[in-house]
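Results of the structural survey
Residue strings, one per chain:
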Amino acid sequence: MFTLPLDRIEDTHCDQAGGKGYTLARLRQAGFPVPPGFVVTADAYCAVVAANGLDALLADPASPSARLQAAFEEAKIPPAVAAAIREAYLA
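Criteria and cut-off values
Positions within a chain are numbered from 1, following the residues in the order the chain's sequence is written. Only residues with pLDDT of at least 70 get local features here, since the model is predicted, and only at 80 or more are side-chain atom pairs given and counted; chain-wide, interface and lining totals rely on the full set of residues. Hydrogens and water are ignored here; the side-chain numbers use all heavy atoms of the structure. Here a helix means four or more residues in a row that DSSP labels H or I, a strand means two or more in a row labelled E, and each is numbered from the N terminus. Working rule for contacts: check all heavy atoms of both residues, and any pair within 4.5 Å makes them a contact. Summary of the burial criterion: residues with accessible area below 20% of their type's maximum are buried, those above 50% are exposed, and those between are partly exposed, where the area comes from a 1.4 Å probe applied to protein chains only. We define a polar contact as two N or O atoms separated by no more than 3.5 Å, with the added condition that, inside protein, one atom must be a possible hydrogen donor and the other a possible acceptor, whereas residues neighbouring each other in sequence contribute only through side-chain atom pairs. Cysteine sulfur atoms are paired as a disulfide whenever they fall within 2.5 Å. Cavities and pockets were defined on a 1 Å grid built over protein atoms only: a cavity is a set of grid points that admits a 1.4 Å probe from which the probe cannot escape, a pocket is an open set flanked by protein on both sides within 12 Å along at least five of seven lines, and lining residues are those with an atom within 4 Å of any such point. Grid points are joined across faces, edges and corners, and a volume is the space filled by probe spheres set on the points. Residue type decides the class: Asp, Glu, Lys and Arg count as charged, Ala, Val, Leu, Ile, Met, Phe, Trp, Tyr, Cys and Pro as nonpolar, and the leftover types, Gly among them, as polar.

Turning next to the environment of Arg26. Within the secondary structure, Arg26 is located in helix 1 (residues 14-29). Distance in space between the C-alpha atoms of Arg26 and Ile9 is 7.8 Å, their sequence separation being 17 residues.

The next point concerns the environment of Pro36. The residue Pro36 is located in the loop between helix 1 and strand 2 (38-40) in this model. C-alpha separation for the pair Pro36 and Asp7, spaced 29 residues apart in sequence, amounts to 7.6 Å. If sequence neighbours within four positions are ignored, Pro36 has contacts with Leu6 and Arg28.

On to the side chain of Thr41. By the element assignment, Thr41 lies in the loop between strand 2 and helix 2 (42-51). Residue class for Thr41 comes out buried when judged on its relative accessible area of 3%. Side-chain polar atoms of Thr41 contact the backbone oxygen of Met1, separated by 2.7 Å. Only 3.5 Å separates the side chain of Thr41 from the side chain of Gln16, close enough to count as a polar contact. Non-local contacts of Thr41, meaning those with residues more than four positions away in its chain, are made with Met1, Phe2, Thr3, Leu4 and Gln16.

Right, let's get into the state of the cysteines. Throughout the structure, instances matching the rule amount to zero disulfides. Of all cysteine sulfurs in the structure, the one in Cys46 sits closest to Cys14, which takes part in no disulfide; the separation is 15 Å. Accessibility expressed as a relative area gives 31% for Cys14, which makes it partly exposed. Judged by its relative accessible area of 45%, Cys46 falls in the partly exposed class.

A word on the layout of surface pockets. Considered as a void within the structure, the largest pocket measures approximately 190 Å³ in volume. At the level of secondary structure, the elements contributing two or more residues to the lining of the largest pocket comprise strand 1 (3-5) and helix 5 (79-90). Tallied by class, the residues present in the lining of the largest pocket amount to five nonpolar, two polar and one charged.

Take a look at the structure:
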């Protein structure tokens, strides 16, 4: 699951939604004025990392931050992740 609508995020989704996404979802569900939306999940992040072979670079504590930044800037978003984000945005 690469995206989660804010209205469907539950306690069990905290790790997937991240702290900010989870908090926005809970506020929206409690009636606070949070606009409708979705979060891009940790699974989507992991898919981007795997598709671009960034695992080893991330695992190396000696990797300079500039190298990591450049690697992520050049990374391609897998088609399935892009499609899920597009679908969530248009919903």
